[in-house]
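# Examining the three-dimensional arrangement
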Amino acid sequence: VIGMTASKETNFSQWYHELVIKAELVEYYNEISGFYILRPAAMHIWNTIRGWFNERIEKMGVEETSFPMFLSSKSLEKEKEHVEGFAPELAWVTKAGDKDLEVPVAVRPTSEAVMYPYYAKWIRSHRDLPFRLNQWNSVVRWEAKQTTPFLRAREFLWQEGHTAHLTEELAAKEVLEILELYAGVYEQLLAVPVVRGKKTENEKFAGGYWTSTCEAYIPTNGRGIQGATSHALGQNFSRMFDITVEDPHKKGEKINVWQNSWGLSTRVIGVMVMLHSDDKGLVLPPRVAKIQAVLIPVGITAKMKPEERTAHMDRVDELRADLKKANVRVEIDDREGYTPGYKFADWEMKGVPLRLEFGPKDAAASVVTYSRRDTGFKGTIPIAELATQVPALLEEIQKNLYEKADASFRSHRVQLTDWSRVVPALNDRNVVLIPFCEEPKCEDRIKEITKSDEVHELGPDGQKLPSMGMKSLCIPFEQPEAIVKGETKCLNPECEAFAKSWVMFGRSY
Ligand SMILES: O=C1CCCN[C@@H]1CCCn1cnc2cc(F)c(Cl)cc2c1=O
Ligand SMILES: [Mg+2]
């Protein structure tokens, strides 16, 4: 059977694991658990993201680089205080051939320790600033938790940008510019609406100064998920790695540079899959679909005369040529021995946004019959208008996917000032916006006291997962209304402090 067996609504996790395989996005790397093979349909999405992002960061003056994938324990030493929490995730190489390595080397989990000794060497004068490098690579983090394709893997593709600036303000400006590009990847390419905001102390990158993030929402389980972060590092790393420039205003004085680091990973593909796909399989936003339209000749029966059949297939070739000229990524499915119904289900599973059917009846009426993957709506397009109507229809599908997701996120982002409504809201698949004091200890307590046993999610094998408490997702830059300082209390009933801001909380990945 080529269709889905698990249903999104009743067993989300099993549905997801089945879908990414049947839609030919990934294959499990059976040799070692936690690793996945990215197949062409997934690589096309990643390469589309890469092209879009590269074009924009180049305009900002970011240059591309490639650093070694191994780091020594010596350079790790420099950032040891914040690395210790991550130590269990480090993968080490201890032997080459049958010989032990004098000094074991670690596979990069991120590249600060690899890159920053060279930043110290290359960055001398303020004229070297802003200094901006980005690399596209893969990193290894030996996750202890259950892994899931795209969402949590032991090796994943990402880009990591690492920049240095003369002042805190110049660095902060870039953090937000990059965050806006990440939001663009989500919203303009993947049709995924995100809330932009700042991470709380508990959730930020411990080695950094502050962290900004794009938070998405998964309606099926009401959980928040992040897939891209842009960190202001302050001078933390330039002190650790002694990255300084001459102070342009005070002779002989040195300034530690102000740094940023920012990363977006293939996790964003998992978010897109979970958000848009359905029980027929993958649903691809047209802007990232390797095949945007599949053209299927129908009504070709054995009783058709050979010359009729050839003439019909010539028409099909012309239609493809028209669409290719209109920059539509179109394929013809003229496979022998498969019924139209089989082909329809196959391409629906693979997420192709638009199906075009062309049979003798269509030819006689000079139309093409289409079927939209997002709504299932069927209609016809006059052949003469194909080159304009198909691109327009693809844009309509892109817009519809985004707007449906945006409406769903907005209606499940509830602003609350009554604590007793928080857990019921979470159990109703919402994320909440509450007045919060922003204290780490208070956040720890909120996570504890919002655990509830009313709802369960099922794991990939159908096992009941304990429901979790809510974490802070971000402090949205767009605050719903001003918090009256010294008046509005933090919503946690155990907390006596005043609220500092409206903070978005939710169960999360
Ligand atoms: O998130 C980004 C964007 C791109 C560049 N890096 C930062 C921070 C990465 C945090 N982080 C994340 N995971 C880690 C895992 C580890 F094993 C070790 Cl040793 C360190 C880390 C670690 O520092
Ligand atoms: Mg981690």
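So, here is what we can say about the structure in this document.

Rules behind the numbers
- Residues numbered from 1 in each chain as written.
- Chains lettered and ligands numbered in written order.
- Predicted model: local features only at pLDDT ≥ 70, side-chain atom pairs only at ≥ 80, totals over all residues.
- Heavy atoms only, no water.
- Helix = DSSP H or I, 4+ residues; strand = E, 2+ residues; numbered from the N terminus.
- Rg over C-alpha atoms; globule rule 2.2 N^0.38 Å.
- Buried < 20%, exposed > 50% of the residue type's maximum accessible area, 1.4 Å probe, protein only.
- Contact = heavy atoms within 4.5 Å.
- Areas by Shrake-Rupley, 256 points an atom, 1.4 Å probe, with all protein chains shown as cover.
- Lys, Arg positive; Asp, Glu negative; His and termini not counted.
- Charge placed at Lys NZ, Arg CZ, Asp CG, Glu CD.
- Near = heavy atom within 4 Å.
- Polar contact = N/O pair within 3.5 Å; in protein donor to acceptor, adjacent residues only side chain to side chain.
- Nonpolar A, V, L, I, M, F, W, Y, C, P; charged D, E, K, R; others polar.
- Pairing = 2+ DSSP bridges.
- Axes fitted to C-alpha atoms, helices over the stretch in contact; angles between N-to-C directions.
- Left-handed = near helix turned anticlockwise from the far one by under 90°.
- Disulfide = S-S within 2.5 Å.
- Salt bridge = Lys/Arg side-chain N within 4 Å of Asp/Glu carboxyl O.
- Phe/Tyr/Trp six-rings, centres within 6.5 Å; stacked < 30°, edge-to-face > 60°.
- Parallel < 35°, antiparallel > 145°, perpendicular 65-115°, else oblique.

### Quick look at the overall build of the protein chain
Each helix and strand in the protein chain was counted, giving 14 helices and 25 strands. Here the protein chain has a C-alpha radius of gyration of 26 Å; the compact-globule value for 509 residues is 23 Å, and the two agree. Projected onto its principal axes, the C-alpha coordinates of the protein chain cover approximately 90 × 55 × 50 Å. In the protein chain, which comprises 509 residues, the proportion classed as buried is 53%. Summarising the internal contacts of the protein chain: among those between residues at least 6 apart in sequence, 69% fall at separations of at least 24. Summed over its atoms, the accessible surface of the protein chain is roughly 23,500 Å², and 53% of this surface lies on carbon and sulfur atoms. Of the side-chain charges in the protein chain, 66 are positive and 73 negative, and the distance between the mean point of each set is 1 Å.

### Remarks on the site of ligand 1
Taken together, 18 residues are adjacent to ligand 1, and F86, T110, E112, R141 and H231 come closest. Within the side chain of H231, one N or O atom sits 2.9 Å away from an oxygen atom of ligand 1. Computed on the free molecule, ligand 1 has an accessible area of 510 Å², of which 94% lies beneath the protein chains in the complex. Elements supplying a minimum of two residues to the shell around ligand 1: α4 (80-83), β8 (155-165), β11 (223-234) and β14 (258-265). Of the residues assigned to the shell around ligand 1, the class counts are seven nonpolar, seven polar and four charged.

### Observations concerning the sheet that holds β11
Strand order in the open sheet made by the eleven strands is β3-β7-β8-β14-β11-β10-β9-β24-β25-β21-β20, with mixed pairing throughout. Whereas interior strands pair on both sides, the edge strands pair on one side only; in this sheet they are β3 (63-64) and β20 (413-415). For β8 and β14, the ladder comprises eight bridges, and the chain directions are antiparallel. Considered in β14, the bridge of H165 is made with W258.

### Quick notes on the packing of helix α2 (residues 40-59) against helix α8 (residues 267-276)
Contact pair α2 / α8: the axes reach a minimum separation of 10 Å and the direction vectors enclose 115°. Handedness of the crossing formed by α2 with α8: right-handed. Of the residues in α8, those in contact with A42, I45, W46 and I49 of α2 are V268, I269 and M272. Residue composition of the contact of α2 with α8, grouped by class: seven nonpolar, no polar and no charged.

### Some words on the state of the cysteines
The bond known as a disulfide is covalent and runs between the sulfur atoms of two cysteines. Under the counting rule described, the total for this entry stands at zero disulfides. In this model C214 remains outside any disulfide bridge; the closest cysteine sulfur is found in C474, 9.1 Å from its own. Owing to a relative accessible area of 0%, C214 belongs among the buried residues under this scheme.

### Describing the pattern of salt bridges
Scanning the model with the defined rule gives 36 salt bridges in all. For D374, the salt bridge goes to R372, with nearest N and O atoms at 2.6 Å. Note on D374: relative accessible area 12%, which makes it buried. Put simply, E494 and R445 hold a salt bridge, and the shortest N to O gap is 2.8 Å. One end of the pair, E494, is in the loop between β24 (471-476) and β25 (501-506); the other, R445, is in helix α14 (residues 440-449), and 49 residues separate them in sequence. By sharing partners, the salt bridges in this structure join E24, D333, R335, K343, D346 and K350 into a single network.

### A few points about the pairing of β11
With eleven of twelve residues buried, β11 is to be regarded as a mostly interior element. Sheet topology places strand β10 (residues 210-218) next to β11; eight bridges connect them, and they run antiparallel. Paired with I218 across the strands is R223, a residue of β11. Where β10 folds back onto β11 in an antiparallel hairpin, the turn is made up of four residues, including G222, whose phi is positive at roughly 70°. Judged from the six bridges that link them, β11 and β14 form a sheet pairing that is antiparallel.

### Some remarks on the packing of aromatic side chains
Within the structure shown, the criterion is met by 24 aromatic pairs. Considering the side-chain rings of Y119 and W122, the 6.5 Å spacing of their centres and the 35° angle between planes classify their relative orientation as tilted. With Y119 and W122 both in helix α5 (residues 112-122) and three residues apart, this pair spans about one turn of that helix. Using a relative accessible area of 0% as the deciding quantity, one classes Y119 as buried. Plain terms: the ring middles of W122 and F131 are 6.2 Å apart, the flat faces sit at 40° to each other, and that makes the pair tilted. Judged by its relative accessible area of 40%, W122 is partly exposed. Through pairs of rings, three or more aromatic residues link up here, namely F67, Y116, Y118, Y119, W122, F131, F205, F237 and F241.

### Section: the sheet that holds strand β15 (residues 293-297)
The strands making up a sheet associate through backbone hydrogen bonding, with each pair oriented either parallel or antiparallel. An order of β16-β15-β17-β18-β19 is seen for the five strands of this open sheet, with the pairing classed as mixed. Edge strands, defined here as strands with exactly one partner in the open sheet, are β16 (330-332) and β19 (378-382). Across the sheet, the axes of successive neighbouring strands diverge by a mean angle of 25°, strand direction being ignored. In the sheet, strand β17 (residues 354-358) pairs with strand β18 (residues 367-372) via four bridges, with the strands oriented antiparallel.

### Section: the packing of helix α1 (residues 12-22) against α8
Close contact between α1 and α8 brings their axes to 11 Å; oriented N to C, the two are set at 115°. Considering their axes alone, α1 and α8 lie roughly perpendicular with respect to each other. When you trace α1 past α8, the crossing you get is right-handed. Along its contact with α1, which presents F12, W15, Y16, L19 and V20, the element α8 presents G270, V273 and M274.

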